[in-house]
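Listed below are the residues making up each chain.
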Amino acid sequence: MSFPTVPDADPGVYRYRDEAEVAGPARFIAPGDVVGGGFGLFESAAAPGRIGAVPHYHQGFSESFWVISGRLAVMCDDTWQTLGSGDFAHVPVNGVHAFGALGDEPARFLILFVPGAPREEYFRRLAECLERGASADEIDAMAAECDQVNLRDWPAYARFAEL
C-alpha cells in the first residue's frame, strides 16, 4: 500500500485575538487578505437598546452572524429575529439586513463575510466618522464607497424599538 502524494501548500496562519486590529466595535480576527480572500471573520459588539447597523445591503458578499453572548436582534428583509448565544443568521448577497442588541448586556458576535471583502476600510472609516460626529448623509456616502447601501427609510427599521 502506498500513501498519496501530498501537494505543496503554504503554511497555516495563526492569529491571536489580542493582536488583531480594532476599529470601533469591530476586531479584525481574520481579514480576507490574511486568509486568501475566501472569507473574512470579525468579532463585534453592540450596545443594548441601540441599533448596531441601520438597514443596508451588500452587492459583493454575503454576511453571517454567530452570537457569542447577549441577545442580538437581526432583521432580514422585513422580519426581526432575536438570537442568543450559539444562534446563527445568514444574509445573502443583496439581502437587506440590520441588527441591534436587546436586553441589559452588550451582544458579542462574530461576523462572517463571504468572500473575504475588505471590510476593514469600512469599519475604520465608520469609527472615524462616528468619533467626529459625522452626519447620517456623510456616513451613508462613505458606506456606499465600501459596498454598503444604507436604507434608513426601510419600513421594518422602526420596529426595532418595539422589540
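Because the structure is a prediction, the values reported are computed rather than measured. (Residues numbered from 1 in each chain as written. Predicted model: local features only at pLDDT ≥ 70, side-chain atom pairs only at ≥ 80, totals over all residues. Heavy atoms only, no water.)

S.K.: Can you help me understand helix α1 (residues 119-131) in this one?
M.R.: Note on helix geometry: an α-helix contains 3.6 residues per turn, so any two residues three or four positions apart are oriented the same way. The terminal C-alpha atoms of α1, which comprises 13 residues, lie 18 Å apart, in line with the 18 Å expected from a rise of 1.5 Å per residue. What α1 keeps buried is the set Arg119, Glu120, Tyr122, Phe123, Leu126 and Cys129. Considering only its buried residues, α1 is in contact with β1 (22-23), β2 (26-30), β3 (40-46), β10 (107-114) and α2 (136-145). Of the residues one or two after α1, glycine 133 is the one with positive phi, at around 75 degrees. (Helix = DSSP H or I, 4+ residues; strand = E, 2+ residues; numbered from the N terminus. Expected span 1.5 Å × (residues − 1). Buried < 20%, exposed > 50% of the residue type's maximum accessible area, 1.4 Å probe, protein only. Contact = heavy atoms within 4.5 Å.)

S.K.: Sorry, what's going on with the side chain of glutamate 43 here?
M.R.: Among the secondary structure elements, glutamate 43 is positioned in strand β3. Glutamate 43 sits in the buried class, given a relative accessible area of 8%. In terms of polar contacts, glutamate 43 uses its side chain to reach the side chain of arginine 17, at 2.8 Å. With residues near it in sequence (within four places) discarded, glutamate 43 still touches Arg17, Pro25, Ala26, Arg27, Ile29, Ile68, Arg108, Phe109 and Leu110. (Polar contact = N/O pair within 3.5 Å; in protein donor to acceptor, adjacent residues only side chain to side chain.)

S.K.: When you look at the environment of phenylalanine 61 in this model, what are you seeing that I'm missing?
M.R.: Here phenylalanine 61 shows up in the loop between β4 (51-57) and β5 (62-69). For phenylalanine 61, a relative accessible area of 2% puts it in the buried group. Beyond its immediate chain neighbours, meaning those up to four positions away, phenylalanine 61 contacts Val93, Phe113, Val114, Pro115, Ala117, Arg119 and Asp147.

S.K.: Looking at this model, I keep getting lost on the side chain of arginine 27. Mind explaining?
M.R.: By the element assignment, arginine 27 lies in strand β2. Of the side chains with opposite charge, glutamate 43 comes closest to the buried, unpaired arginine 27, at an N-O distance of 4.3 Å. Those residues in contact with arginine 27 that lie beyond four places of it in its chain are Arg17, Asp18, Ala20, Glu21, Val22, Leu41, Phe42 and Glu43. (Lys, Arg positive; Asp, Glu negative; His and termini not counted. Salt bridge = Lys/Arg side-chain N within 4 Å of Asp/Glu carboxyl O.)

S.K.: For this particular structure, what's the right way to read the sheet that holds strand β9 (residues 97-102)?
M.R.: In a beta sheet, neighbouring strands are held together by backbone hydrogen bonds and run either parallel or antiparallel to one another. On the basis of which strands lie adjacent, the open sheet formed by five strands has the order β7-β6-β9-β4-β11 and antiparallel pairing. Of all the strands in the sheet, just β7 (79-83) and β11 (149-150) have a single pairing partner and so form its edges. The pairing of β4 with β9 spans three bridges and is classified as antiparallel. Paired with histidine 56 across the two strands is histidine 97, which belongs to β9. (Pairing = 2+ DSSP bridges.)

S.K.: Is there a simple way to think about the sheet that holds β5 in this case?
M.R.: A sheet is described by the order of its strands in space; here six strands give the open sequence β1-β2-β3-β10-β5-β8, paired in antiparallel fashion. Strands with a single pairing partner mark the edges of an open sheet, and in this sheet they are β1 and β8 (88-91). In the sheet, β2 pairs with β3 via two bridges, with the strands oriented antiparallel. Along β3, the bridge assignment pairs arginine 27 with glutamate 43. Here α1 sits on the sheet and contacts β1, β2, β3 and β10; the angle it forms with β2, its principal contact strand, is near 165 degrees. (Axes fitted to C-alpha atoms, helices over the stretch in contact; angles between N-to-C directions.)

S.K.: Can you help me understand the pattern of salt bridges in this one?
M.R.: Proximity of charged atoms lets side chains of opposite charge pair with each other. Evaluated as defined, the whole model comprises nine salt bridges. Among the salt bridges present, the one from arginine 125 reaches glutamate 121, with a minimum N-O distance of 3.0 Å. With a gap of four residues between them, arginine 125 and glutamate 121 both fall in helix α1, about one helical turn apart. With a relative accessible area of 41%, glutamate 121 lands in the partly exposed category. Here arginine 152 makes a salt bridge to aspartate 140, at a shortest N to O gap of 2.9 Å. Here aspartate 140 lies in helix α2 and arginine 152 lies in the segment after β11, a separation of 12 residues in the sequence. The exposure class of arginine 152 is partly exposed, given its relative accessible area of 32%. Aspartate 140 gets classed as buried once you look at its relative accessible area, which sits at 19%. It is possible to trace a salt-bridge network through shared partners that takes in Arg17, Asp18, Glu43 and Arg108.

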